Amino acid sequence: MLNPSEVLDFWLKEVGPDGWYEGGVALDTKIRNRFEKSWYAAKEGKMADWAMRSETTLAYLILIDQFPRNMFRNDSRAFATDGLARAAAKKAIDKGWDMRVPEPERQFFYLPLMHSECLCDQERCVRLMLTRMPETQEENLLHAKAHREVIRKFGRFPYRNEVLERADTTPEAAFLAEGGYRKAVELVQA
């Protein structure tokens with residue numbers, strides 16, 4: 001069985017902040033090869049005990065919120081454990097466990113809220129980035145606000161529609177044609 005320290009060592013030390021959002025086939029394959037079986041176990045509830053302790057919740061959130069986005073890029077499974085991640089993140093935040101983790105890794109407690117298609121979660125994420133991420137606030141806050149604006153406008157992330165087999169509305173299709181998320185970031189920057 002996977003140990004939480006294996007997740008943390010890999011993501012925080014081996015990949016590190018410079019690689020967290022780079023993606024690419026090589027990283028996606030490495031994550032899939034090392035963690036896919038554990039992700040399926042977590043999806044089935046077999047690793048829920050990781051979310052019961054402050055020391056292991058960060059590893060759990062990385063495993064079920066970050067890794068599927070790499071392992072299953074352009075696949076609906078990328079979002080299959082989002083509900084588990086949101087529940088665990090909210091519990092941890094309410095208990096103050098996020099504040100026991102230094103920046104920039106603290107953001108992984110808030111990203112399940114940023115990945116949510118619920119405006120209340122988006123609002124909370126922006127507040128958390130603003131108040132609990134002082135050292136790395138600028139970049140994190142920009143993306144939190146961009147995600148929030150997409151949800152405010154559409155109530156969902158249009159760039160997920162294809163893999164989730166949802167039909168685009170006319171405004172969503174126009175948004176995607178104009179650059180999608182990249183355009184949302186530019187509008188927030190302006």
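Here we summarise the structure given alongside this text. Small disclaimer: the values here were computed from a predicted structure and weren't measured.

**A look at the overall build of the chain**
Here comes step 1: Helix and strand counts for the chain stand at nine helices and zero strands.
Here comes step 2: Over its C-alpha trace the chain gives a radius of gyration of 16 Å, about what one expects of a compact globule, namely 16 Å for 190 residues.
Here comes step 3: Out of the 190 residues belonging to the chain, those deemed buried represent 47%.
Here comes step 4: In the chain, of all internal contacts separated by at least 6 residues, the share reaching a separation of at least 24 is 61%.
Here comes step 5: In the form shown here, the chain has an accessible surface area of approximately 9,600 Å², with 50% of it arising from carbon and sulfur atoms.
Here comes step 6: If you average the places of the 29 positive and of the 30 negative side-chain charges in the chain, the two averages end up 4 Å apart.

**So, helix H2 (residues 25–43)**
Here comes step 1: Given a rise of 1.5 Å per residue, 19 residues ought to cover 27 Å, yet the end C-alpha atoms of H2 are separated by just 23 Å, more than 12% below that figure.
Here comes step 2: A bend of about 60° at Phe 35 is the largest found in H2.
Here comes step 3: Among the residues of H2, those classed as buried are Leu 27, Asp 28, Ile 31, Phe 35, Ser 38, Trp 39, Ala 41 and Ala 42.
Here comes step 4: In the core, the buried residues of H2 are packed alongside helix H1 (4–19), helix H3 (54–71) and helix H4 (82–94).

**Points about helix H6 (residues 119–132)**
Here comes step 1: Compared with the 20 Å implied by 1.5 Å per residue over 14 residues, the 19 Å span of H6 between its first and last C-alpha is a close match.
Here comes step 2: Within H6, the full set of buried residues consists of Asp 121, Gln 122, Cys 125, Val 126, Leu 128 and Met 129. End-on, the buried residues of H6 take up no more than an arc of 165°, which puts them together on one face. What points out from H6, more than 90 degrees from its buried face, is the exposed set Cys 120 and Thr 131.
Here comes step 3: Of the surrounding elements, those touching the buried residues of H6 are H4, helix H5 (111–114) and helix H7 (137–154).

**Overview of the packing of H3 against H4**
Here comes step 1: The N-to-C vectors of H3 and H4 enclose an angle of 150°; their axes lie 10 Å apart at closest approach. With respect to each other, H3 and H4 are oriented roughly antiparallel. Of the two possible hands of crossing, H3 and H4 adopt the one that is left-handed. Counted together, Thr 57, Tyr 60, Leu 61, Ile 64, Asp 65 and Arg 69 of H3 and Asp 82, Leu 84, Ala 85, Ala 88, Ala 89 and Ala 92 of H4 form the full contact between these two elements.

**Remarks on the side chain of Glu 105**
Here comes step 1: Relative to the helices and strands, Glu 105 is located in the loop between H4 and H5.
Here comes step 2: Arg 106 provides the closest opposite charge to the buried, salt-bridge-free Glu 105, at an N-O distance of 8.5 Å.
Here comes step 3: Apart from the residues lying within four places of it in its own chain, the contact partners of Glu 105 are Leu 12, Trp 20 and Leu 58.

**Remarks on unusual backbone geometry**
What is expected of a backbone is that most residues other than glycine have negative phi and most peptide bonds are trans.
Here comes step 1: Here the amide bond leading from Glu 103 into Pro 104 is cis, since omega sits at 5°, within 30 degrees of zero.
Here comes step 2: Tracing the chain through its elements places Pro 104 in the loop between H4 and H5.
Here comes step 3: Notably, Asn 74 is not glycine yet its phi reads approximately 60°, a positive angle.
Here comes step 4: Its location among the elements puts Asn 74 in the loop between H3 and H4.
Here comes step 5: Unusually for a residue other than glycine, Glu 165 sits at a positive phi of about 55°.
Here comes step 6: Inspection of the secondary structure puts Glu 165 in the loop between H7 and helix H8 (170–177).

**Quick word on the environment of Pro 171**
Here comes step 1: Take Pro 171: it is sitting in helix H8.
Here comes step 2: Residue Pro 171 is classed as partly exposed on the basis of its relative accessible area of 49%.
Here comes step 3: Along the sequence, Pro 171 and Ala 89 sit 82 residues apart, while their C-alpha atoms lie 32 Å from each other.

Procedures and definitions
- Residues numbered from 1 in each chain as written.
- Predicted model: local features only at pLDDT ≥ 70, side-chain atom pairs only at ≥ 80, totals over all residues.
- Heavy atoms only, no water.
- Helix = DSSP H or I, 4+ residues; strand = E, 2+ residues; numbered from the N terminus.
- Rg over C-alpha atoms; globule rule 2.2 N^0.38 Å.
- Buried < 20%, exposed > 50% of the residue type's maximum accessible area, 1.4 Å probe, protein only.
- Contact = heavy atoms within 4.5 Å.
- Areas by Shrake-Rupley, 256 points an atom, 1.4 Å probe, with all protein chains shown as cover.
- Lys, Arg positive; Asp, Glu negative; His and termini not counted.
- Charge placed at Lys NZ, Arg CZ, Asp CG, Glu CD.
- Expected span 1.5 Å × (residues − 1).
- Bend = angle between axes of the 7 residues up to and from the residue.
- Arc of directions from axis to C-beta.
- Axes fitted to C-alpha atoms, helices over the stretch in contact; angles between N-to-C directions.
- Parallel < 35°, antiparallel > 145°, perpendicular 65-115°, else oblique.
- Left-handed = near helix turned anticlockwise from the far one by under 90°.
- Salt bridge = Lys/Arg side-chain N within 4 Å of Asp/Glu carboxyl O.

Bear in mind that shape data such as this cannot, by itself, settle questions of function.
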